[in-house]
Every structure is written in C-alpha cells, then in structure tokens.
Amino acid sequence: MKKLTFIFTLLIILSMAVVMVVIPSQSKGQNKTVKEQTNKIPDNINKIVQNSCAPCHMQGGKGMALAHLNFSNWETYSPEKQADKAASVCKQLTKGSMPPKGFKASHPDAVPTAEQIKAVCDWADSLKKK
Ligand code: HEC
C-alpha cells in the first residue's frame, strides 16, 4: 500500500514536470508567430524614438504617455494597431504636439528635425494597408 502511494506521488510529480516544460515552450512558439506577423520599428525610426520619445513612451516611462503608446510593446501590437499608432505618431509630430512643449524646452537635442518627421510619416504611410 505504501509503495503504491509512492508510485502515485511520483507519477503526479512527473506529469507536473511535463506540463511545466510543455506549456512555456508552446507559448514561446506563439510569441514567435506574433513577431513574424508584425513589423519591427526600422533602425532610422527607432533612433528618433529613442532620442525623443523613450523617456515617456517606453518601459519605465510616464503612465499617461504609456497608456496611449508604449514603444516597448510595439511588436505585440497587431499590424492594424501598428499602422494606426504610426499614423497618430506622424500626426502628433507634424502638429508639433509631441514631444510636449516643456520637454522640448528642456531637451533641445530631442526636438525632431523636419527630416526626421518626414521619415516617420513615410514609415507610417508604408504600414497602411494598400
Ligand atoms: C515628456 C514626456 C513625453 C515625451 C518625451 C513624448 N510624449 Fe507623447 N505623450 C505624453 C503624454 C503625457 C501623452 C498623453 C497626452 C494626453 O493624454 O493628452 C502622450 C501622448 C502621445 C500620443 C497619443 C496622442 C493622442 O492624443 O492620442 C502619441 C501618438 C504620442 N504621445 C507620440 C509621441 C512621440 C512620437 C514622441 C517622440 C517624438 C513623444 N510622444 C514624446 C508624453 C510624452
């Protein structure tokens, strides 16, 4: 009887170990498909984001800003959401409302140039469904 209990316990532990190995590898596979379907931010755009937007719109940024847009999660956005957000980024930059006035005043190096804004808008256009 005791031996049976031992074998039973062993079986439970073994099946738990199998589940723990199988489930994470499955979800890893899913992440990969998400990545393949969505678009990475190109290097030239990423440079602008890092320089001008990261302090608020990336991991560790400002809550209000992150609620609208979190570049750290970009690759988890659906292609539609990416196109949508990129278009809104182009709009904010063109209007000059992002980065916010106060930030531009205290970080003159982070003010996007006209060329950078054009690059962002070209990128946003390229994400739109044709
Ligand atoms: C100093 C912090 C800060 C920086 C730097 C900053 N933002 Fe923002 N951003 C915010 C905040 C705060 C909000 C939310 C504003 C609101 O709710 O009215 C926001 C909102 C946005 C929105 C959504 C606007 C809307 O009305 O839907 C976009 C798009 C955006 N930012 C793009 C950018 C881009 C692109 C950059 C870099 C070029 C940038 N931001 C830099 C703080 C920042």
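Residues numbered from 1 in each chain as written. Predicted model: local features only at pLDDT ≥ 70, side-chain atom pairs only at ≥ 80, totals over all residues. Heavy atoms only, no water.

A. Up close: the overall build of the protein. Looking only at helices and strands, the protein features seven helices and zero strands. Looking at the 130 residues of the protein, the share that counts as buried comes to 25%. For the protein, restricting intrachain contacts to residue pairs at least 6 apart in sequence, the fraction spanning at least 24 positions comes to 53%. Only carbon and sulfur atoms are counted for the fraction: they give 63% of the accessible area of the protein, which is about 9500 Å². (Helix = DSSP H or I, 4+ residues; strand = E, 2+ residues; numbered from the N terminus. Buried < 20%, exposed > 50% of the residue type's maximum accessible area, 1.4 Å probe, protein only. Contact = heavy atoms within 4.5 Å. Areas by Shrake-Rupley, 256 points an atom, 1.4 Å probe, with all protein chains shown as cover.)

B. Local environment of the state of the cysteines. Overall, the coordinates contain one disulfide when judged by the stated rule. One disulfide bridge connects Cys90 with Cys121, the sulfur atoms lying 2.1 Å from each other. On the S-S bond that ties Cys90 to Cys121, the torsion sits near 100°, and the link is right-handed. Taken as a pair, Cys90 in helix H5 (residues 79-95) and Cys121 in helix H7 (residues 114-127) lie far apart in primary sequence, 31 residues in all. Residue Cys121 is classed as buried on the basis of its relative accessible area of 13%. (Disulfide = S-S within 2.5 Å.)

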